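Secondary and tertiary structure notes
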Amino acid sequence: MSANFIIGLASEAVYTILKVSAPMIVLALVVGLTVSILQATTQIQEQTLAFVPKIIAVLVGLLIFGPWILTTMVDFTFQLLNNLHLYIG
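As a convention, each chain's residues are numbered from 1 in the sequence order in which they are written. Predicted model: local features are reported for residues with pLDDT of at least 70 only, side-chain atom pairs are reported and counted for 80 or more only, and whole-chain, interface and lining totals are derived from all residues. Side-chain numbers here rest on the full set of heavy atoms in the structure, without hydrogens or water.

1. A look at the overall build of the protein
For the protein, the helix and strand inventory stands at two helices and zero strands. Rg of the C-alpha trace for the protein: 19 Å, well past the compact-globule value of 12 Å for 89 residues, more than 25% over. In terms of its C-alpha atoms, the protein occupies a principal-axis envelope of roughly 65 × 25 × 15 Å. Per-residue burial for the protein yields a buried fraction of 18% across its 89 residues. At a minimum sequence separation of 6, the contacts of the protein that also span at least 24 residues come to 76%. Helical segments are the DSSP runs of H or I of at least four residues, strand segments are the runs of E of at least two, and each set is numbered from the N terminus. C-alpha atoms define the radius of gyration, and 2.2 Å times the number of residues to the power 0.38 defines the globule rule. Buried residues are those whose accessible area, probed at 1.4 Å on protein chains only, stays under 20% of the maximum for their type, while exposed residues exceed 50% and partly exposed ones sit between those limits. We call two residues in contact when some of their heavy atoms are within 4.5 Å.

So this is what it looks like as structure tokens:
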């Protein structure tokens, strides 16, 4: 296997991971920012208050984006195995 082939696979893997994780990261960011603004305006300094809404938002995001994530990961795996089969075979 050449170095270019390995680097291409690694970069495609990193891109796929970023693409798949982006919806949950954005949801957690938006919910965390909203809770932080509410905490600042009401002066509630409870540390655990920020975690529960983020966990719920990420779980809802997984339910909504789960089929798309699964499809993306299966497509990546198929392409990876197909490329390895063509390269080795």
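Now, onward.
2. Overview of helix H2 (residues 51-88)
End to end, H2 covers just 47 Å across 38 residues, shorter than the expected 56 Å (1.5 Å per residue, more than 12% under). The quantity called bend is, for any residue, the angle between two axes fitted respectively to the seven residues ending at it and the seven beginning at it. Phe 65 marks where H2 bends most, by close to 60°; the proline Pro 67 follows one to four residues later. For H2, the complete set of buried residues consists of Ala 57, Gly 61, Ile 69, Thr 72 and Phe 76. For H2, the elements touching its buried residues are helix H1 (3-42). Expected span, for any helix, means 1.5 Å times one less than how many residues it has.

3. Details of H1
For H1, spanning 40 residues, the distance from its first C-alpha to its last is 56 Å, which sits close to the expected 58 Å at 1.5 Å a residue. Along H1, the residues classified as buried are Phe 5, Leu 9, Thr 16, Val 20, Pro 23, Met 24, Val 31, Gly 32, Val 35 and Gln 39. Where H1 is buried, its residues touch H2. Positive backbone phi, approximately 60°, marks Gln 43, located one or two places after H1.

4. Some remarks on unusual backbone geometry
Residue Gln 43 is not a glycine yet carries a positive backbone phi of 60°. By the element assignment, Gln 43 lies in the loop between H1 and H2.

5. Considerations on the side chain of Thr 72
Looking at the element boundaries, Thr 72 is found in helix H2. Overall, Thr 72 belongs to the buried group, its relative accessible area being 10%.

6. Re the packing of H1 against H2
Note on definitions: angles span 0 to 180 degrees between N-to-C directions of axes, and those axes are lines fitted to C-alpha atoms, for helices only across the stretch in contact. Taken N-terminus to C-terminus, the directions of H1 and H2 make an angle of 175°; their axes are 10 Å apart at the nearest point. Considered as vectors, H1 and H2 are oriented roughly antiparallel to each other. For the contact of H1 with H2, the residue count by class is 22 nonpolar, six polar and three charged. Here the angle decides the label: under 35 degrees means roughly parallel, over 145 means roughly antiparallel, 65 to 115 means roughly perpendicular, and every other value means oblique. Residue type decides the class: Asp, Glu, Lys and Arg count as charged, Ala, Val, Leu, Ile, Met, Phe, Trp, Tyr, Cys and Pro as nonpolar, and the leftover types, Gly among them, as polar.

7. Points about the environment of Thr 34
Counting through the fold element by element, Thr 34 comes out in helix H1. Residues Thr 34 and Ala 50, spaced 16 residues apart in sequence, show a C-alpha to C-alpha distance of 9.2 Å.

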